Amino acid sequence: MGCITLTTDFGLHDGYAGVMRGVIWGIAPLARVADLSHQVGPQNILEGALILSRHGRFFPPGTIHIGVVDPGVGTPRRPIAARLGGQYFTGPDNGLCSLLLDEAEKAGGSVEIIHLDQPRYWLPEVSAVFHGRDIFAPVAAHLLNGVPLNKMGTPIEDPVRLHIPRPVREGNRRLARVLYIDIFGNIAANIRHEDLGEFTGFNLDISGVSVRRFVYAYGEAAPGELVALIGSSGYLEVAEVNGNASRRLGVAAGDPIVVILEYFKHQPDRQ
Amino acid sequence: MGCITLTTDFGLHDGYAGVMRGVIWGIAPLARVADLSHQVGPQNILEGALILSRHGRFFPPGTIHIGVVDPGVGTPRRPIAARLGGQYFTGPDNGLCSLLLDEAEKAGGSVEIIHLDQPRYWLPEVSAVFHGRDIFAPVAAHLLNGVPLNKMGTPIEDPVRLHIPRPVREGNRRLARVLYIDIFGNIAANIRHEDLGEFTGFNLDISGVSVRRFVYAYGEAAPGELVALIGSSGYLEVAEVNGNASRRLGVAAGDPIVVILEYFKHQPDRQ
Amino acid sequence: MGCITLTTDFGLHDGYAGVMRGVIWGIAPLARVADLSHQVGPQNILEGALILSRHGRFFPPGTIHIGVVDPGVGTPRRPIAARLGGQYFTGPDNGLCSLLLDEAEKAGGSVEIIHLDQPRYWLPEVSAVFHGRDIFAPVAAHLLNGVPLNKMGTPIEDPVRLHIPRPVREGNRRLARVLYIDIFGNIAANIRHEDLGEFTGFNLDISGVSVRRFVYAYGEAAPGELVALIGSSGYLEVAEVNGNASRRLGVAAGDPIVVILEYFKHQPDRQ
């Protein structure tokens, strides 16, 4: 029996996340359910999409990711389910799965997305404000039980997609943005490991501060030092060793980051 | 193998909730355990009872709900277990299960409540301060294993019951109270969907502000707008679209709410 | 199939705890996984060790405790796994398991500790900053599957050990320290139940306040009263009934506590 993950902005106070397990177990009694996060910022679809994209691929093939960051619940925004390569997603059609979708496409995996329009796979009563419980949890459980996607809805070709800003390249400079700040205050930029190449000199400007130390692991630098490194998801991060870089620098998602790189021999711009 | 849920005021910092799974799995190795909430306000029995009542019925028949909001632990307050229609509860006898009990009675389900007085179904050592671990977790696990209620204790007829204030009706006015505020700042009143009838005009006064917009779903109104709607548990709620109504209005549980309704044709008071 | 517990300083926002379940289930699909805490203070190894030690023994024999409070990740600090009596630990070699180790030794259980140096039991790619996901989760899952410790690494005899300060005894006085403060604000001292003996008089000084009331359970005293009692883990605690003693007294881990005891008849010092 497969796995289901939950990523929501429900918090942990009210039982909204817990009740989804009740609905799932009523339909798929042996489902294993993992919480990824219930502390996505309220209605912060991009943050939810990033969390799903950072962790999804570490789950076994066939895992079904439920995402519920859903400011449009009860309006005509479509409820969807999707096969994205070897894994599944169900949630609102608002971009929450679009990074998972990008990755599946990039990896050459086949993709199938449906508009959930078959209420017989939902709870008998569907509230206007809690589709996580009433639509997405039962659909995920039925998927786990082997109900094929195409029985639960109608194929669509135009899911909502988020557009993650890409860093702008100006010679040896990268004009980037703060993409994500984690609980440790580590600041991820929208720059991937593979965007950097084999540099010999490194300088990063953020919030008026220059970070020149690029390390492999936090422990290489002294407590309190600001360092840059590649985080566990492959993004360039700024961290304060044993501290909180985000609090120290006062930055927020979207703020600018400029990275200046030097290479051993002059490389032509690889646009 | 059945399900167990946990609802406590333990928070998530200290491992008090986690250790209950260890005790459960030592007795019922295949138990599936869901957290409803560990963030009930400290000693807030009513809040715990409301969370149990909002979500309990979405779990499969036979589910055992453990509730531990227990300011009287170690005093003569009774530890109890109960069959409430098709589900079970175990926890202190302080009203925590009384909304589940009301609903089971209202639905005509049979009810059986026992005072847990058979220590052979508990952990060998029972601390004076943590009956969740030492009494309720093992009792729930034994219940799941099929031990009948009447072997674990003595029937009682007088469980402690909470009295939820009902709204007062004065003509077309309902004098209500704030019952529950969730993580999104949505404010639930002690008015059920079925208390409203088919009204044609709606006005709600709360904290000196008048809310006239009654919607089906948040997305019908503009971000920042205050709206009234029926929440996912069937209570009348006040919400700020994409915002936090509770913070904006500065209200707390127990504060007054007045609802004035107009009906298409004058209806006689239905006391 | 056995149990795994997780104790980390990852918080619940970013999915770092959740993704470990994905890795575990990819290797040991039937593993039952319990969260002890993901809210250990950042890099607070002692706090993590205390949480593991308070709760570990309530889990079934064979349980594998994963601990990840790991400021040295990516540096030469060793990743380890250990059999400690009837249970297992895996995590960094920084003292996180040293209270579990002390207890296993004290109970006369056999102990086996290895330096994890066989990457074929890890994820194929190991990041420099997230060994919880890349090393400890897969190692725990392989242990659960029956891979013996000695295939996954090399025995060591010198694990890092924390030194918990012991109370100093001066006649009938005990000079102690605040060891742990829980979510309720209850203040645990580094004094065990068995350190107290059968006293007839009790006085505790903390933060300039004298606590003379020693109770069996919170409910014996009035709300707001400061009391001393033996907590659920066997430590002497100071609590405010229905309140928060730590906030009221403004104390932190490490602060001094002096306990003065009187005995029925004069007892010689039992050093």
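Up top is the structure.
Keep in mind that this is a model prediction, so the values were computed, not measured.

**A closer look at the packing of helix α2 (residues 45-55) of chain A against helix α3 (residues 98-106) of chain A**
Residues and elements named next belong to chain A. Here α2 crosses α3 at 40°, and the two axes come no closer than 7 Å. One way to sum up the angle between α2 and α3 is to call them oblique. In this structure, α2 uses Ala49, Leu50, Leu52 and Ser53 to contact α3, whose residues at the interface are Leu99, Leu100 and Glu103. Residue classes in the contact of α2 with α3 are distributed as five nonpolar, one polar and one charged.

**Points about the sheet that holds strand β2 (residues 32-37) of chain C**
All names here are of chain C. The seven strands lie next to each other as β2-β1-β3-β5-β4-β6-β7, forming an open sheet whose pairing is mixed. Edge positions in the sheet fall to β2 and β7 (153-155), since each of these pairs with one other strand and no more. Shown here is a sheet whose adjacent strand axes are inclined to one another by a mean of 25°, direction ignored. Looking at chain direction, strand β4 (residues 79-84) and strand β6 (residues 111-116) are connected through five bridges and run antiparallel. Looking at β6, one finds that Ile80 is bridged to His115. Of the strands in this sheet, β1 (3-8), β3 (64-68), β4, β5 (87-92) and β6 are in contact with helix α4 (residues 131-144), which crosses β3 at around 175°.

**Quick word on the interface of chain C and chain A**
On the chain A side, the residues contacting the 29 residues of chain C number 32 residues. Between chain C and chain A lies a buried interface of about 2500 Å² when both sides are counted; carbon and sulfur atoms form 61% of it. At the boundary of chain C with chain A, the tally comes to zero salt bridges. Where chain C touches chain A, the interface holds 12 residue pairs in polar contact (both at pLDDT 80 or more).

**Quick look at α4 of chain C**
All names here are of chain C. Look at α4: 18 Å from first C-alpha to last across 14 residues, which is about the 20 Å you get at 1.5 Å a residue. The axis of α4 is deflected most strongly, by about 25°, at Ala137, and proline Pro138 appears within four residues downstream. In terms of burial, α4 is a largely internal element, 14 of the 14 residues being buried.

**Details of empty space enclosed by the protein**
Residues and elements named next belong to chain B. Considering all chains together, one arrives at one cavity of 30 Å³ or more under this definition. Estimates place the volume of the largest cavity at around 30 Å³. As for the largest cavity, its lining consists of Leu50, Arg54, Leu179, Tyr180, Ala188 and Tyr235. Those elements giving two or more residues to the lining of the largest cavity turn out to be α2 (45-55) and β9 (173-181). Taken together, the residues that form the lining of the largest cavity break down as five nonpolar, no polar and one charged.

**Here's the deal with the relation of the copies chain A and chain B**
Note on the identical chains: chain A maps onto chain B by a rotation of 120° and an axial translation of 0.0 Å, with an RMSD of 0.0 Å. In symmetry terms, the pair is related by a three-fold rotation axis. Closest approach to the rotation axis within chain A is made by the C-alpha atom of Arg32 of chain A, at a distance of 5.1 Å. Of all interface residues in chain A, a mere 3% are interface residues in chain B too; the two copies therefore contact each other through different surfaces.

**Describing the interface of chain A and chain B**
Each side of the interface is counted separately: chain A has 29 residues, and chain B has 32 residues. Taking both sides of the interface into account, the surface hidden between chain A and chain B amounts to around 2500 Å²; carbon and sulfur atoms contribute 62%. Our count for the contact surface shared by chain A and chain B stands at zero salt bridges. Linking chain A with chain B are 12 residue pairs in polar contact (both at pLDDT 80 or more), by the criterion used here. Those elements that provide at least two residues to the side of chain A that touches chain B are α1 (16-27) and α4 (131-144) of chain A. Looking at the side of chain A that touches chain B, the element that brings in the most residues is α1 of chain A, giving eight residues. Here the side of chain A that touches chain B is composed, by residue class, of 14 nonpolar, 10 polar and five charged.

**Concerning the relation of the copies chain C and chain A**
Rotating chain C by 120° and translating it 0.0 Å along the rotation axis places it on chain A, where the RMSD comes to 0.0 Å. Looking at the interface residues of chain C, only 3% of them are also at the interface in chain A, so each copy uses its own face.

**Remarks on α1 of chain A**
Here α1 of chain A contains 12 residues, and its C-alpha end-to-end distance of 18 Å stays within 8% of the 16 Å for a straight helix at 1.5 Å per residue. Burial analysis of α1 of chain A places 10 of its 12 residues in the buried class, which makes it a mostly covered element.

**Some words on unusual backbone geometry**
A positive phi angle, close to 55°, is found at Asn242 of chain A, a residue other than glycine. Relative to the assigned elements, Asn242 of chain A resides in the loop between β14 (235-240) and α7 (245-249).

**Brief notes about the pattern of salt bridges**
All names here are of chain A. Enumeration over the complete set of coordinates arrives at 42 salt bridges over all chains. Asp70 is paired through a salt bridge with Arg77; the nearest N and O atoms lie 2.8 Å apart. Here Asp70 falls in the buried class, since its relative accessible area comes to 11%. Several salt bridges share partner residues, and in doing so they unite Arg78, Asp93 and Asp158 into one network.

Scoring rules and cut-offs
Residues numbered from 1 in each chain as written. Chains lettered and ligands numbered in written order. Predicted model: local features only at pLDDT ≥ 70, side-chain atom pairs only at ≥ 80, totals over all residues. Heavy atoms only, no water. Axes fitted to C-alpha atoms, helices over the stretch in contact; angles between N-to-C directions. Helix = DSSP H or I, 4+ residues; strand = E, 2+ residues; numbered from the N terminus. Parallel < 35°, antiparallel > 145°, perpendicular 65-115°, else oblique. Contact = heavy atoms within 4.5 Å. Nonpolar A, V, L, I, M, F, W, Y, C, P; charged D, E, K, R; others polar. Pairing = 2+ DSSP bridges. Buried area = accessible area lost by both parts, 1.4 Å probe. Salt bridge = Lys/Arg side-chain N within 4 Å of Asp/Glu carboxyl O. Polar contact = N/O pair within 3.5 Å; in protein donor to acceptor, adjacent residues only side chain to side chain. Expected span 1.5 Å × (residues − 1). Bend = angle between axes of the 7 residues up to and from the residue. Buried < 20%, exposed > 50% of the residue type's maximum accessible area, 1.4 Å probe, protein only. 1 Å grid on protein atoms, 1.4 Å probe; cavity = no way out; pocket = protein on both sides within 12 Å on 5 of 7 lines; lining within 4 Å. Points joined across faces, edges and corners; volume = space filled by probe spheres on them. Least-squares fit on C-alpha atoms with pLDDT ≥ 70 in both.

Without other data, these values stay purely geometric and don't point to any function.
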